[in-house]
Amino acid sequence: INGQRYIVNRSQLYCNGPTIRINNQWFAQPFIIQAIGSRRELLAAINSNTSYAFGLKTRGIFIEANTSLSLNIPAYSGEGYQYLETEAP
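Being a predicted model, the structure only gives us computed values, none of them experimental.

Reading the values: rules and limits
- Residues numbered from 1 in each chain as written.
- Predicted model: local features only at pLDDT ≥ 70, side-chain atom pairs only at ≥ 80, totals over all residues.
- Heavy atoms only, no water.
- Helix = DSSP H or I, 4+ residues; strand = E, 2+ residues; numbered from the N terminus.
- Buried < 20%, exposed > 50% of the residue type's maximum accessible area, 1.4 Å probe, protein only.
- Contact = heavy atoms within 4.5 Å.
- Patch = residues over 30% accessible without salt bridge, like charges linked within 9 Å, V, L, I, M, F, W, Y side chains within 5 Å.
- Areas by Shrake-Rupley, 256 points an atom, 1.4 Å probe, with all protein chains shown as cover.
- Salt bridge = Lys/Arg side-chain N within 4 Å of Asp/Glu carboxyl O.
- Polar contact = N/O pair within 3.5 Å; in protein donor to acceptor, adjacent residues only side chain to side chain.
- Pairing = 2+ DSSP bridges.
- Axes fitted to C-alpha atoms, helices over the stretch in contact; angles between N-to-C directions.

A.B. asks: What exactly am I supposed to notice about the overall build of the protein chain here?
C.D. replies: Along the protein chain, the regular secondary structure elements total two helices and three strands. The order of α-helices and β-strands along the protein chain, N terminus first, is β-β-β-α-α. Counting every position in the protein chain, which comprises 89 residues, the buried fraction comes to 12%. Contacts in the protein chain between residues at least 24 apart in sequence constitute 41% of all its contacts with a sequence separation of at least 6.

A.B. asks: Any chance you could explain a nonpolar patch on the surface here in plain terms?
C.D. replies: There is a patch of nonpolar side chains on the surface, built from Y6, V8 and L13 and spanning about 290 Å² of accessible area. Relative to the helices and strands, Y6 is located in the segment before strand 1 (13-16). In this structure Y6 comes out as partly exposed when scored by relative accessible area, which is 41%.

A.B. asks: Could you clarify how one ought to interpret unusual backbone geometry in this entry?
C.D. replies: Excluding glycine, a negative phi dihedral is what most residues carry, and trans is how most peptide bonds are arranged. Note that the residue after Q29, namely P30, is joined by a cis bond; omega there is 0°. Within the secondary structure, P30 is located in the loop between strand 3 (25-28) and helix 1 (39-47). Not every positive phi belongs to a glycine, and N23 is a case in point at roughly 50°. Checked against the element boundaries, N23 lands in the loop between strand 2 (19-22) and strand 3. Not every positive phi belongs to a glycine, and N24 is a case in point at roughly 65°. The residue N24 is located in the loop between strand 2 and strand 3 in this model.

A.B. asks: What exactly am I supposed to notice about the environment of P30 here?
C.D. replies: Its relative accessible area of 61% is what places P30 among the exposed residues. Between the C-alpha atom of P30 and that of T19, which follows or precedes it by 11 residues, the distance is 9.2 Å.

A.B. asks: Quick question: what am I supposed to make of the side chain of S11 here?
C.D. replies: With respect to the helices and strands, the residue S11 is situated in the segment before strand 1. Reaching out from S11, the side chain makes a polar contact with the backbone oxygen of R5 at a distance of 3.4 Å. Within the local environment of S11, its side chain forms a polar contact with the side chain of N23, the two groups lying 3.2 Å apart. Once residues lying within four places of it in the same chain are set aside, the contact partners of S11 are R5, Y6, N23 and Y76.

A.B. asks: Looking at this structure, I do not really get the sheet that holds strand 2. What am I missing?
C.D. replies: Strands in a sheet are paired, the pairing made by backbone hydrogen bonds, and the direction either parallel or antiparallel. An order of 1-2-3 is seen for the three strands of this open sheet, with the pairing classed as antiparallel. Edge strands, defined here as strands with exactly one partner in the open sheet, are strand 1 and strand 3. Averaged over all neighbouring strand pairs, the angle between strand axes comes to 25°, with direction disregarded. Bridge count between strand 1 and strand 2: four bridges; the pairing is antiparallel. If you follow L13 over to strand 2, its bridge partner there is I22.

Bear in mind that shape data such as this cannot, by itself, settle questions of function.
Right, dumping it as structure tokens:
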């Protein structure tokens, strides 16, 4: 989100009116959310009439979804993940 990597159960995300705080950094609109996954499935999820995005659209909030074949998401810069290890086979 706006260049900050969101890690479930690790990152802090707070909304305060038209601004958000993620990983102790404040951001104003627009919010740019990048995700890695199946382009078709991600677009279907955001355009579904049961999605949170659909509810925002019905209230007049502009949402644009784009896809890309190549995406660079920055590393997590918060505390707690100095090294990642894999389990031995």
